[in-house]
Amino acid sequence: MPLEGPARIVSELTSRGYNAEREAVTRIASADDPAAVLERVIEELPADALVVRLEHVDPVLSELREPDRRAGGPNDTDARAAEPDRPSAANDPSISTGARNPNTRSPDGGSAVETKGVSEGAGRSSDPAERSLEIVGDMTGESTGTGEYGDFVSVFRDRLDRLGSKLRGRVNHRPATAIESMPGGSEAAMVGLVNDVRSTASGHWLIELEDATGTFPWLVMKDREYVDLVDELLRDEVLAMEGTLADDSGIGFVDSMYFPDVPRTYEPSTADRHVQAALISDVHVGSQEFMGDAWNRFADWLHTEQARHVEYLLIAGDMVEGVGVYPNQDEELDVIDIYEQYELFSEHLKRVPGDIEIVMIPGNHDAVRLAEPQPGFDEELREIMSVHDARIVSNPSTVTIEGVSVLMYHGVSLDEVIAELPEEKASYDDPHKAMYHLLKKRHVAPQFGGHTRLAPEERDYLVMEEVPDVFHTGHVHKLGFGKYHNVLAINSGCWQAQTDFQKSVNIDPDAGYAPIVDLDTLDVTVQKFS
Ligand code: D5M
Ligand code: FE
Ligand code: ZN
């Protein structure tokens, strides 16, 4: 049996609209004539079956082994039931051989990358019932915002309260109005939102902090060590300043700056067995540049022995290319109807083994509101994507799998972080470093009023209340990962080749890669399918 056997079988089944249990595929692949078995299995499938299961394959193998009994009619079923522990067809020399069915297609583009060690064994490594998956922070259906002024007040108050509480124990802080009335020359500290950052005529930096009582200006002198941090500040992030007041108490000279941050000694949780998750995003089905071949190779690979520990697939947004997201986008659309795009996406999702748990959040190309937090897909779209029973949650959401918390966020704010920070601190080439800044600010999209659209809610769902063990984003279409204070930050590339726009601005996407995270060690390996 050629190595690509299981991949081919999956491909063939998918092209006919079926998903398949991994064991079933393995069993067909190990038959002497997989093509004939596959044809027979499909012929005999009950009309309402969507998934080819072992219970569909085994009887066919028995029939082929003992064709007379089939001719015998009604006893047939009993005969199968009587031999449930029959060894796999691979060991059975009596199975007939025949010409490979000429209709059996190989997956587009040939063999998958790294399909060595194709499964001979049983299915995915764990019983799906024993898996552990929990969602926190899904705001789908919880939106209360009406976009009125009061909502903006609430969302920023909530942000300041929750992120401020991470700082208040570290400094002897006072409200802005109280600082103004302290004697000149006093030591003072304040926790607030960054309202404004500007340079002074003499090259120092003036940072205005705001809290619930008002604003207060802080000066970072150009020769102080903290000046290096000024170029990474974003408006509306929460931090603490500590320093000495001027003689008239009208301004504070900064001695120290504190960020909500992740403690340096943070110890991430890990799974207590060997289990892996594939972290991907930006599939962009419906775009002319969607890389269907690479996707198929990825899905086929998931059926192989090498991928047997991959029990989770997390997709961080931009399932489809969408419609009207960017000017002139329609010129590069393959599918112009948004629902058809999701139907096609669903077809691609079907290729993923049925025993992999899928979690997905929307991105800026998806058909949900653009402003963040973005609720999970509506009922109609859920119905279209129901094939895999995927968990569909808001952007952002935290999914805890096998004890490891993964904060999933699409990543639109990364464009802003990269635009605002100096090249060496955040760039498209090292997207994970831009993510480090979000971790340090403990907020997925600090800056309001810029490129990232925010929907005010009673609560700021974009705050990272808890430190995640893994932070997963996409959007910038670049692959990059690294650790920040032991938190694994991973930006997962895309499945869309370079678009005309990306060409015009020199974005060279990392397309067709799947980073695989070992949940027991938080090590990452990258599988390439393009
Ligand atoms: O965006 C993928 C990346 O490309 C992300 O960094 C934004 C950028 N991008 C793509 N198209 C445009 C246009 N037309 N204007 C500005 N920025 C763009 P994604 O939204 O995931 O396709
Ligand atoms: Fe995208
Ligand atoms: Zn995007």
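A. The coordination of the iron ion (ligand 2), seen in detail. Here the iron ion (ligand 2) is held by Asp 282 (OD), His 284 (NE2), Asp 318 (OD) and His 477 (NE2), and the distances to it run 1.8 to 2.3 Å. Expressed as a motif, the donor residue spacing for the iron ion (ligand 2) is D-x1-H-x33-D-x158-H. Metal-to-metal, the separation of the iron ion (ligand 2) and the zinc ion (ligand 3) is 3.1 Å; Asp 318 coordinates the two. In this pair, His 284 sits in the loop between strand E9 (276-280) and helix H10 (292-302) while His 477 sits in the loop between strand E15 (470-473) and strand E16 (479-484), placing the two residues 193 residues apart along the sequence. Since its relative accessible area comes to 4%, His 477 is described here as buried.

B. Looking closely at the coordination of the zinc ion (ligand 3). Bound to the zinc ion (ligand 3) are the protein donor atoms Asp 318 (OD), Asn 364 (OD1), His 410 (NE2) and His 475 (ND1), situated 2.1 to 2.3 Å from the metal. Here the donor residues of the zinc ion (ligand 3) share one chain and are spaced in sequence as D-x45-N-x45-H-x64-H.

C. Broad picture of the pairing of strand E14 (residues 404-408). Of all 5 residues that make up E14, 5 are buried, and the element is covered over most of its length. On E14, burial covers both faces: Val 404, Val 406 and Met 408 on one face and Ser 405 and Leu 407 on the other are all buried. Here 5 bridges tie strand E13 (residues 397-401) to E14, and the two strands are oriented antiparallel to one another. Bridging from a neighbouring strand, Ser 397 pairs with Met 408 of E14. A loop of 2 residues connects E13 with E14, the two strands running antiparallel in sequence, and Glu 402 in this loop sits at a positive phi of about 50°. Taken together, the 3 bridges between E14 and E15 define a ladder with parallel strand orientation. Opposite Met 408, over in E15, you have His 472 as the bridge partner.

Basis of the calculations
- Residues numbered from 1 in each chain as written.
- Chains lettered and ligands numbered in written order.
- Predicted model: local features only at pLDDT ≥ 70, side-chain atom pairs only at ≥ 80, totals over all residues.
- Heavy atoms only, no water.
- Donors = N, O, S within 2.8 Å, 3.2 Å for Na, K, Ca; no water.
- Helix = DSSP H or I, 4+ residues; strand = E, 2+ residues; numbered from the N terminus.
- Buried < 20%, exposed > 50% of the residue type's maximum accessible area, 1.4 Å probe, protein only.
- Pairing = 2+ DSSP bridges.

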